[in-house]
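A structural walkthrough
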Amino acid sequence: MLKLHNLSKVYRTDEVETAALNSVNVEIESGEFVAIMGPSGCGKSTLLNIIGMLDSPSSGDYIFMGENVAGYNEAKLSNIRKQNIGFIFQSFNLIDELTVEENIELALLYHNIPASERRERVAHVMDKVGIAHRAKHMPSQLSGGQQQRVAVARAVVGDQAMILADEPTGNLDSAHGQEVMEMLQQLNAEGTTIVMVTHSPAHADYARRTINLFDGHVVTENLRAAE
Amino acid sequence: MFQNYISVAFRNLIKHKLYSAINIIGLAVGLAACVLITLFVRDELSYDTFWDEADSLYRMNTTFNVPGREPFVTVMAMGPAKGALERYFSEEIEAVTRFNNEWPVIQYDDKVFSEEVYFTDPTTVDMFSLDVIAGDLKASLNDNSTLVVNESFAKKHFGDRDPIGQVMTLTYYATTRDFRIGAVYKDLPHNSVLDFQALIMIDEADFENFPWEFQHWFSVNNNIFFKLKDGVSIDTVNARWKDFTDTMMDVRAQIEPGTNPSDFVTFSSQALLDIQLYPAGDGEMKPTGDIKTVMIFSAIAGLILLIACINFMNLATAKSTQRAREVAIRKVMGARRGQLVTQFLGESILLALVGLALGIVLVELTLPFYGDFLGRELTFSYTDGITMAILLGLIAFVGVLGGFYPAIALSGFLPARVLKANKSAETSGSVLLRNALVVLQFTISIGLIVSTAVVYGQMVYGQNMDPGFKKDNMLVIRNVGEKGMLHQQEAFKQEVLRLNGVNHASLTMGRPADGNESNTSVEIPGDPDAGSILLGRQGVDVDFFDTYQIPFVAGRKYEEDRAQDGAPSSDGATDGEILQGSIVVNERTIARLGFGSPEEAIGRVVRMGVGDGVQADLEVIGVVPDINFQSLKQIIRPEMYVMDDGWRGNLTVNFSGDPQALLAQIESIWQQMAPTVPFSYEYVDQALAEEFEAEQALATMLGAFSMLAIAVACLGLYGLASFTAERRTKEIGIRKVLGASVVDIVRLLIWQFSKPVLVANLIAWPLAAYGMMMWLESFPYRLDTWLLAPLCVVAGLIALTIAWVTVGGNAAKVARANPIKALRYE
Ligand SMILES: Nc1ncnc2c1ncn2[C@@H]1O[C@H](COP(=O)(O)OP(=O)(O)O)[C@@H](O)[C@H]1O
Ligand SMILES: [Mg+2]
């Protein structure tokens, strides 16, 4: 599905240069479930953002579905992104002023999909994640777990092939965290590629492979034996 | 504690530079505009309040009710009215005086020039508390060869010499006499409707042969003022005007038997203090203001201030989101609600004070230009208690208004809610209120744009209105009726005609847009039922229609070789004789006389007195369209163009080519022929345009202040837009992650701010259109009302464009930002 080759990311601010990623080589197959772990500040989010094309690498190659997208401009990246990649964030990032339904629909709004079809697909994913009964509610009226389910629904409503999740369970209690992990596992079983940053070894266990980052380097990659 | 507030307040001011700048600048501009307008309004209201007797002084206005015409109102009255007032109202009126202006030719020190001089009655001294600098005013106004002048006049003509005792030779009508300067008074302040630089006692003997000035009851040339006796109410006088008219007006011989003078003339009184603001009619000494203008500008001042206050309030509520945390922490620390309200009000008032300081700087910077523009000296006085009280009151008002809502809203936050969730602390109520206020701001702005456009449009319309005659490349040489030129004016005309570039020339009584009223009554021979009909009159010569290029609807113009053309002279005729002649009239005359179509009117006859009891039957030989010769601002009257041997005061020259060269040549002819008469001229197109000077000034001022209003509104919108963008960064980030392009985001933000502007349009259009329709009503010739529709749409588009430009740049910046920044720190 994607391949990072010698990929580095350097952040320059006025005074300091931070090498957030240092010659990272990562390959992710289609249909994989990958967990990224590592201490705070080691570059996990940076890696995920680059994979998600929200940010561009400073050097190195990023081959996405056979295309080297490393040098692409924002408009091009945005186009590839909206076709293929869904996002789940630690803090849900729902829009407070929109209802559950509208929040999910937002992911289809920029895809030129007719309104009737949008409604259908939104209804379908809401069923799937079990929040159909909350369709007209505002995010602030939902619990954290429910909000994250809305975010999951939003990430998959556009039939994205890959979901990037940055600490999706970070703000949830263990019961709700578990719920979300099961949902991701289910999606993965249906064929969605999932890349997830997590601090929880238990949650990392849902993944087939774990990439350990330290100080911008990939230190180990553990492959969990298929059961 | 207090110190803590102050330092927080100042730190906030500095930390939120954009917010503070927008608020302070907006308020400063708003306050400055408000102060400037208030200075103007107070000045308008101060007119003539300085006279000692201001409260008991009134002016006599005259309305002529001419059948078939709009009533003609003048603020002047007839010469004999003075004596009549004194006799009839001997119980009520203490003194009466007249002011009648002339432009005598003055010889002094080998120089010849013309200056405006007012002939007045000695009673002026007792009525108007003139500030005498030198000489004896009372004695001077009781002597027919003494001139009283103001300081400027004295300075202009006598320089450093002592004016008292100087002698000038004045020539007016048949009189040439030496006048000694007997007194000098301080120039009248600009805030008086009276405007005279020199006074001479009226000696009616000088005008024996010119009875229209002071003796005729049907000729109005005097501003007549009267002073009520102590304790007398003006109502007593007002109640008796009709009886006064019928008792005192000695005109029975001139009007139809069975009618009364009061059928034709209505007198009314106007308080001196009302003259400036309540224009009553023609004939003021100088252009007056208008209460409508004062009200319009007061309203604009209020509106600008309102817009600035709304900015203040909107930005403050928007910002409250960001300060929720501070408030919550203060509350947790035990601050009471009252303390917090005090803190926020204090901050708001501090900001308003800074705004005021900057506003005063702006006032000081612009006042000289503003005063220049208004043509008066206005000063902003810091020691004036009222002004300062008003300003400080205003600041307290603005500060409290601007601080109140956020103070209450912020201090009412539940700290737990604010601290727990990182949610926007805004309630939907405050968003709604803010939107409503933005709608209000733009309603005002759009309304002002429409009003400015209409006022400006009406001015342009008036200036470009086709008067019905040629106005470009037309020169009017004045003073040709003055002694010294009068007897050789025909020769002068012939000399001018010989010049290169002169196409036509015509001697006339009046000139375009002079507004003079001259009327003559005619009868229709053989139709006694028609009675005597009063018609407007212009005295012309044989070249008038060619010179002014006036087309004919029917018939022909006067012709040189037809001896019978024109109105005959009474010379040599015997009393009661009826002479023959011809006349050209306008279409309204035909309608008034009931002569049918213009073609049918040709050959019909009107009978008119030509002096000394002699009458003439004049055959209608030509009908011209209704032209605005008298004024572009009056409804065209039925008018006759009489060719007779009457007095002619102006020579109109129809020319082509360079006017400067031509003027030089004409002037040199003038100097050779009449060196003792001042040479004076005007261009017809300029004279017509000058009629719209008041509208021009109004349009300029309205335009300037509406621009300010809009600028302040936009400043607020800009501030709001940046707050909104800030508040929505997370949302924008999410949308971008989900695939929204920069264009999508910009469109989203712009649409958000277009909505209130669009709603504002819907409110502003009908209001502005209605208001401007009312305003236009007062112009007999005005813009078509349908033009209001496109003007409204254009105003709406302008407002929308301004809003877009204001919001767009910011939106683009926000939209281009990398979304992960917005989402990172959640
Ligand atoms: N926009 C940025 N500007 C400067 N430095 C950044 C930026 N984003 C991340 N960094 C730095 O890059 C490093 C990696 O950050 P990040 O990928 O967020 O770490 P993690 O997600 O593993 O906690 C950190 O040192 C962080 O401070
Ligand atoms: Mg991170």
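**Quick notes on the overall build of chain A**
Counting secondary structure elements, chain A contains 7 helices and 10 strands. In summary, chain A has a C-alpha radius of gyration of 17 Å against a globular reference of 17 Å for 227 residues, a match within 12%. The C-alpha extent of chain A, read off along each of the three principal axes, is 45 × 40 × 40 Å. In chain A, which comprises 227 residues, the share counted as buried stands at 53%. Considering only residue pairs separated by 6 or more positions, chain A has 69% of its internal contacts joining residues 24 or more positions apart. Accessible surface for chain A amounts to roughly 10100 Å². Of this, 46% is attributable to carbon and sulfur atoms. Put simply, chain A has 18 plus and 29 minus side-chain charges, and the middle of one group is 4 Å from the middle of the other.

**Here we look at a nonpolar patch on the surface**
Residues and elements named next belong to chain B. There is a patch of nonpolar side chains on the surface, built from I25, L358, V361 and L365 and spanning about 330 Å² of accessible area. Tallying contributions element by element places helix α12 (residues 337–374) first for the nonpolar patch, with 3 residues. Tracing the backbone through its elements, the reader meets L365 in helix α12.

**Observations concerning helix α2 (residues 17–45) of chain B**
Taking 1.5 Å as the rise per residue, α2 of chain B with 29 residues should run 42 Å; its terminal C-alpha atoms sit 41 Å apart, in good agreement. For α2 of chain B, a buried count of 22 out of 29 residues is recorded, marking the element as mostly surrounded by other parts of the structure.

**What about the interface of chain A and chain B?**
It is common to report an interface's size as the accessible area lost on association of the parts. At the interface, 23 residues of chain A touch 18 residues of chain B. Summed over both partners, the interface of chain A with chain B comes to about 1800 Å²; 56% of that surface belongs to carbon and sulfur atoms. Three residues, L54, N93 and Y110 of chain A, lead the burial of chain A against chain B; their summed loss comes to 30% of the area buried on that side. In this assembly, chain A and chain B are joined by 2 salt bridges. With a shortest N-O distance of 3.1 Å, E74 of chain A and K736 of chain B are connected by a salt bridge. Counting across the chain A and chain B interface gives 5 residue pairs in polar contact (both at pLDDT 80 or more).

**Some words on the sheet that holds strand β5 (residues 67–68) of chain A**
The strands making up a sheet are joined through hydrogen bonds of the backbone, oriented either antiparallel or parallel. Residue and element names in this part refer to chain A. As summarised here, the arrangement of the 4 strands in space is β2-β1-β4-β5, forming an open sheet in which the pairing is antiparallel. For this open sheet the edge positions go to β2 (17–28) and β5, each flanked by a neighbour on one side alone. Judged from the 2 bridges that link them, strand β4 (residues 59–64) and β5 form a sheet pairing that is antiparallel. Paired with I63 across the bridge in β5 is N68. Helix α1 (residues 44–51) contacts β1 (2–12), β2 and β4 of the sheet and is inclined by roughly 120° relative to β1.

**Quick look at the packing of aromatic side chains**
Enumeration according to the criterion identifies 49 aromatic pairs over all chains in this entry. Residues F87 of chain A and F89 of chain A carry aromatic rings whose centres are separated by 6.1 Å and whose planes lie at 10° to one another, so their mutual orientation is stacked. One exposure class covers both F87 of chain A and F89 of chain A, and it is buried. Through a chain of ring-to-ring contacts, the aromatic side chains of F50, W51, F99, Y118, F128, Y185, F196 and F225 of chain B assemble into a single cluster. It is K76 of chain A that lies over the ring of Y72 of chain A; its NZ or CZ is 4.6 Å from the centre.

**Concerning the sheet that holds strand β8 (residues 193–197) of chain A**
Residues and elements named next belong to chain A. Reading across from one edge, β6-β7-β8-β3-β9-β10 is the order of the 6 strands in this open sheet, with mixed pairing throughout. Looking at strand neighbours, the two that pair on one side only are β6 (85–89) and β10 (217–223), the edges of this open sheet. Averaged over neighbouring strand pairs, the angle between their axes works out to 15° when direction is ignored. Relative to strand β7 (residues 162–166), β6 is paired through 5 bridges, and the arrangement is parallel. If you follow F87 over to β7, its bridge partner there is L164.

**Focus on helix α20 (residues 659–673) of chain B**
Residues and elements named next belong to chain B. With 15 residues, α20 should cover 21 Å at 1.5 Å per step; its first-to-last C-alpha distance of 21 Å lies within 8% of that length. Buried within α20 are the following residues: L662, L663, I666, I669, W670 and M673. When α20 is viewed along its axis, its buried side chains cluster within an angular range of 125° and face the same direction. When the buried face of α20 is taken as reference, the exposed residues oriented beyond 90 degrees from it are Q660 and Q672. Among the structural elements, β15 (474–477), α16 (489–498), β16 (502–508), β24 (650–655) and β25 (681–683) are those in contact with the buried residues of α20.

**Topic: the nonpolar core**
Core analysis: the largest hydrophobic core is formed by 133 residues, its most contacted members being F297, Y370, Y548, Y558, I583 and F705 of chain B. Looking at this core, the element that brings in the most residues is α2 of chain B, giving 15 residues. For F705 of chain B, the residues in contact, after removing those within four places along its chain, are A33, L36, I37, F297, I300, I304 and Y370 of chain B. If you look at the next biggest cluster of nonpolar residues, it comprises 77 residues, including L48, V122, A153 and M162 of chain A.

**A look at a negative patch on the surface**
On the surface, D571, D575, D612 and D645 of chain B cluster together into a negatively charged patch. Looking at the element boundaries, D575 of chain B is found in the loop between β19 (554–555) and β20 (578–586).

**Notes on the pairing of β16 of chain B**
Residue and element names in this part refer to chain B. Of all 7 residues that make up β16, 5 are buried, and the element is covered over most of its length. Direction of pairing for β16 relative to β24: antiparallel, over a ladder of 6 bridges. Along β24, the bridge assignment pairs A505 with V653.

**Focus on the confidence of the model for chain B**
Residues and elements named next belong to chain B. Per-residue confidence for chain B gives a mean pLDDT of 87, with 95% of residues at or over 70. Residue range residues 420–425 is modelled with pLDDT below 50. Its contacts to residues more than four positions away, or to other chains, number 8 contacts. Taken over the whole predicted complex, pTM reads 0.75, whereas the ipTM for its chain interfaces reads 0.86.

**Some points on the packing of helix α22 (residues 693–727) of chain B against helix α24 (residues 742–777) of chain B**
Residues and elements named next belong to chain B. Orientation of α22 relative to α24, taken along the N-to-C sense of each, is 165°, at an axis distance of 13 Å. Of the possible angle classes, the one that applies to α22 and α24 is roughly antiparallel. Once α22 is placed against α24, the crossing between them reads as right-handed. Contacts from L698, L717, L720, A721 and T724 of α22 reach α24 at Q752, F753 and W775.

The rules we used
- Residues numbered from 1 in each chain as written.
- Chains lettered and ligands numbered in written order.
- Predicted model: local features only at pLDDT ≥ 70, side-chain atom pairs only at ≥ 80, totals over all residues.
- Heavy atoms only, no water.
- Helix = DSSP H or I, 4+ residues; strand = E, 2+ residues; numbered from the N terminus.
- Rg over C-alpha atoms; globule rule 2.2 N^0.38 Å.
- Buried < 20%, exposed > 50% of the residue type's maximum accessible area, 1.4 Å probe, protein only.
- Contact = heavy atoms within 4.5 Å.
- Areas by Shrake-Rupley, 256 points an atom, 1.4 Å probe, with all protein chains shown as cover.
- Lys, Arg positive; Asp, Glu negative; His and termini not counted.
- Charge placed at Lys NZ, Arg CZ, Asp CG, Glu CD.
- Patch = residues over 30% accessible without salt bridge, like charges linked within 9 Å, V, L, I, M, F, W, Y side chains within 5 Å.
- Salt bridge = Lys/Arg side-chain N within 4 Å of Asp/Glu carboxyl O.
- Expected span 1.5 Å × (residues − 1).
- Buried area = accessible area lost by both parts, 1.4 Å probe.
- Polar contact = N/O pair within 3.5 Å; in protein donor to acceptor, adjacent residues only side chain to side chain.
- Pairing = 2+ DSSP bridges.
- Axes fitted to C-alpha atoms, helices over the stretch in contact; angles between N-to-C directions.
- Phe/Tyr/Trp six-rings, centres within 6.5 Å; stacked < 30°, edge-to-face > 60°.
- Lys NZ or Arg CZ within 6 Å of the ring centre and 35° of its normal.
- Arc of directions from axis to C-beta.
- Core = buried A, V, L, I, M, F, W, Y, C linked by side-chain atoms within 4.5 Å.
- pLDDT = per-residue confidence, 0-100.
- Parallel < 35°, antiparallel > 145°, perpendicular 65-115°, else oblique.
- Left-handed = near helix turned anticlockwise from the far one by under 90°.

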